[in-house]
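For reference, the chains in residue letters:
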Amino acid sequence: MSETFTLVNPATGRGFREVRRASLDEVDATIARAVVVQRAWAGVAPVARADALRRFARVVEEHVEELAQLEVLNSGHPIESARWEASHVAQVLNFYAGAPERLSGQQIPVSGGLDVTFHEPYGVVGIIVPWNFPMTIASWGFAPALAAGNAVVLKPAELTPLTAIRLGELAVEAGLPEGLFAVVTGSGSLVGQRFVSHPNVRKVVFTGSTEVGIDVAAGCARGLKPVTLELGGKSANIVFDDANLELAAAAAPGAVFDNAGQDCCARSRILVQRSVYDRFLELLEPAVAAWRVGDPALESTQMGPLISASHRDTVAGFLEGAHIAFRGSAPEGDGFWMPPAVVLAGRDDRIARDEVFGPVVAVLPFDDEADGIRLANDTIYGLAGSIWTENLGRAVRVSRAVKSGVLSVNSHASVRYWTPFGGMKASGLGRELGPDAAEHFTETKNVFFATDPS
Ligand code: TXE
């Protein structure tokens, strides 16, 4: 294996930088340093830890444009999306800066003394990040982990390490102790696996494919370490005949083609009640045609290229033999471009079952409410989903019946840093974000103080 890997601009297909692969010794040295730095960090007064994270948030805010431009170059994200992502990192840091002073334990009534609980940090937390949302997903782990008094070692995806590397530098610029938040670039099989196997990494957060996630969880089980998994999805966008069809059709392209469909929450199955199926497709076609795919540097662009040539080939493979109803447009030439595609699918088709992770949506009809719920749940995944109906009772019934961690009614919103996020079934284990995330990076210690001499 070579000592470096080449970063490629997805919009041009051209390599632009070499990034080092860390060796096993380097990973171990980083973890050893994190162990030492964490002990001091956990002893810092809560208010001072909060202040340090607020400073980090401010420095990120001051670098939103730089981070966004890096993501355009490295990941092909449209500039407006990339600016949102960088600002989101600052907001996540600000939000969890409120956590150190709020990690209260309990006082539990007992006889003969006083019983209290403490939320103790794990120590060093390992975070493994995929290429689809490099900086936001990283921040969902590192911000609450640091707030709870842990050190963090972070491994970005090989394809997209630039924003993570820069965030590591900004942490130090903001005054966080060197080594407290360490970014280690390299392969999953070496760096990621070392986080899993190293005895001093006491918790692992993994976002990526279900296949690798299962392997990571098995490795963590051998070390008896807790693991949070954010994995694949095949989320349903369920459109009932009593929905506002115009709104549902207008919102559908963004719900699946955002980030070129490379989104674990992508509503990649549109389930439409049979009585409005034809009308919905009529409304969807112009909405897909209007979806703007192009140069990610332009503010008007809604979707950029796919992440790599090989990923584009994989996505294109799903379209072979598929019944494509209509497609959007995309630039030609260099870069990993692909026009969005709307496919009419049967329930057992591969495209209706597997995660495509590209700008492809499968549309399937259903008969009634019970059939819609059955079809929505007919997947190994359970991450996100949307329900379009004007009937309140139905909205409540269906949102309780769909087995997904994150649902929205008459909306596709999935991610707010102050609400919980995560999947059921093969989509994951544990929850990120929301009011409780910092606590998830602690273990509860119970202490009994005897007051009556025995
Ligand atoms: O993911 P991987 P990839 C799906 C999506 C995509 C496919 C492959 O369908 O096409 O997965 O993407 C690190 N031990 N999703 O190859 O391999 C790796 O270096 C420890 C869906 O990027 O799972 C990277 O940092 N770590 C998903 C991270 O794990 C390992 C998001 C993810 O890599 C490792 C991403 C190992 N053995 C991909 N092997 C979603 N739904 O959000 C790899 N890694």
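Residues numbered from 1 in each chain as written. Predicted model: local features only at pLDDT ≥ 70, side-chain atom pairs only at ≥ 80, totals over all residues. Heavy atoms only, no water.

Draft legend 1. Representation of the domain arrangement of the protein. The domain architecture assigned to the protein consists of domain 1 (4-231 + 427-448) and domain 2 (236-416). The straight-line distance from the C-alpha centre of domain 1 to that of domain 2 is 30 Å. Contacts between the two partners involve 29 residues from domain 1, matched on the other side by 27 residues from domain 2. Across the domain 1 to domain 2 interface the summed buried area is about 2,100 Å²; carbon plus sulfur atoms make up 64%. Where domain 1 touches domain 2, the interface holds two salt bridges. The partner of Arg83 in a salt bridge is Glu299, with the nearest N and O atoms 3.0 Å apart. Run the count over domain 1 and domain 2 and you get eight residue pairs in polar contact (both at pLDDT 80 or more). At the level of secondary structure, the elements contributing two or more residues to the side of domain 1 that touches domain 2 comprise strand E1 (4-9), helix H3 (64-75) and helix H4 (79-96). A per-element tally of the side of domain 1 that touches domain 2 places H4 first, with four residues. Looking at the side of domain 1 that touches domain 2, its residues break down into 12 nonpolar, 12 polar and five charged. (Domains from an automatic or database assignment. Contact = heavy atoms within 4.5 Å. Buried area = accessible area lost by both parts, 1.4 Å probe. Salt bridge = Lys/Arg side-chain N within 4 Å of Asp/Glu carboxyl O. Polar contact = N/O pair within 3.5 Å; in protein donor to acceptor, adjacent residues only side chain to side chain. Helix = DSSP H or I, 4+ residues; strand = E, 2+ residues; numbered from the N terminus. Nonpolar A, V, L, I, M, F, W, Y, C, P; charged D, E, K, R; others polar.)

Draft legend 2. Structural context of the nonpolar core. Judged by nonpolar contacts, the single largest core of 76 residues is most densely connected at Phe56, Val60, Leu93, Phe142, Leu146, Leu167 and Phe181. Element by element, the count of residues in this core is highest for helix H5 (residues 134-147), at nine residues. Inspection of this core shows a minimum of three residues originating in each of domain 1 (4-231 + 427-448) and domain 2 (236-416). Counting 55 residues, the second-largest nonpolar core is a separate cluster that includes Leu245, Leu284, Val343 and Ala345. (Core = buried A, V, L, I, M, F, W, Y, C linked by side-chain atoms within 4.5 Å. Buried < 20%, exposed > 50% of the residue type's maximum accessible area, 1.4 Å probe, protein only.)

Draft legend 3. Layout of the sheet that holds strand E20 (residues 442-450). Read across the sheet, three strands follow the order E3-E4-E20 without closing on themselves; strand pairing throughout is antiparallel. For this open sheet the edge positions go to strand E3 (107-108) and E20, each flanked by a neighbour on one side alone. Across nine bridges, strand E4 (residues 113-121) lies against E20 in antiparallel orientation. Counterpart to His119 in the pairing with E20 is Thr444. (Pairing = 2+ DSSP bridges.)

Draft legend 4. Focus on helix H1 (residues 24-42). With 19 residues, H1 ought to run about 27 Å at 1.5 Å a step, and its terminal C-alpha atoms sit 27 Å apart, in line with that. For H1, every residue scored as buried is listed here: Val27, Ile31, Ala34, Val35, Val37, Gln38 and Trp41. (Expected span 1.5 Å × (residues − 1).)

Draft legend 5. Broad picture of the site of the ligand. Near the ligand lie 25 residues; those nearest to it are Val129, Trp131, Glu158, Gln193 and Ser209. Here an oxygen atom of the ligand sits 2.8 Å away from a polar atom, N or O, in the side chain of Glu158. At a separation of 3.1 Å, a nitrogen atom of the ligand approaches a polar side-chain atom of Glu355. A total of 810 Å² of accessible area belongs to the ligand in isolation, and the protein chains cover 82% of it. Split into classes, the residues belonging to the shell around the ligand amount to 12 nonpolar, nine polar and four charged. Both domains that furnish three or more residues to the shell around the ligand are identified here as domain 1 (4-231 + 427-448) and domain 2 (236-416). (Near = heavy atom within 4 Å. Areas by Shrake-Rupley, 256 points an atom, 1.4 Å probe, with all protein chains shown as cover.)

Draft legend 6. Inspection of the packing of helix H2 (residues 46-62) against H5 at higher detail. Relative orientation of the contacting elements H2 and H5 amounts to 155°, with a least axis distance of 10 Å. On the basis of their axis angle, the class for H2 and H5 is roughly antiparallel. Of the residues in H5, those in contact with Arg49, Leu53 and Phe56 of H2 are Phe142, Ala143, Leu146 and Ala147. Residue composition of the contact of H2 with H5, grouped by class: six nonpolar, no polar and one charged. (Axes fitted to C-alpha atoms, helices over the stretch in contact; angles between N-to-C directions. Parallel < 35°, antiparallel > 145°, perpendicular 65-115°, else oblique.)

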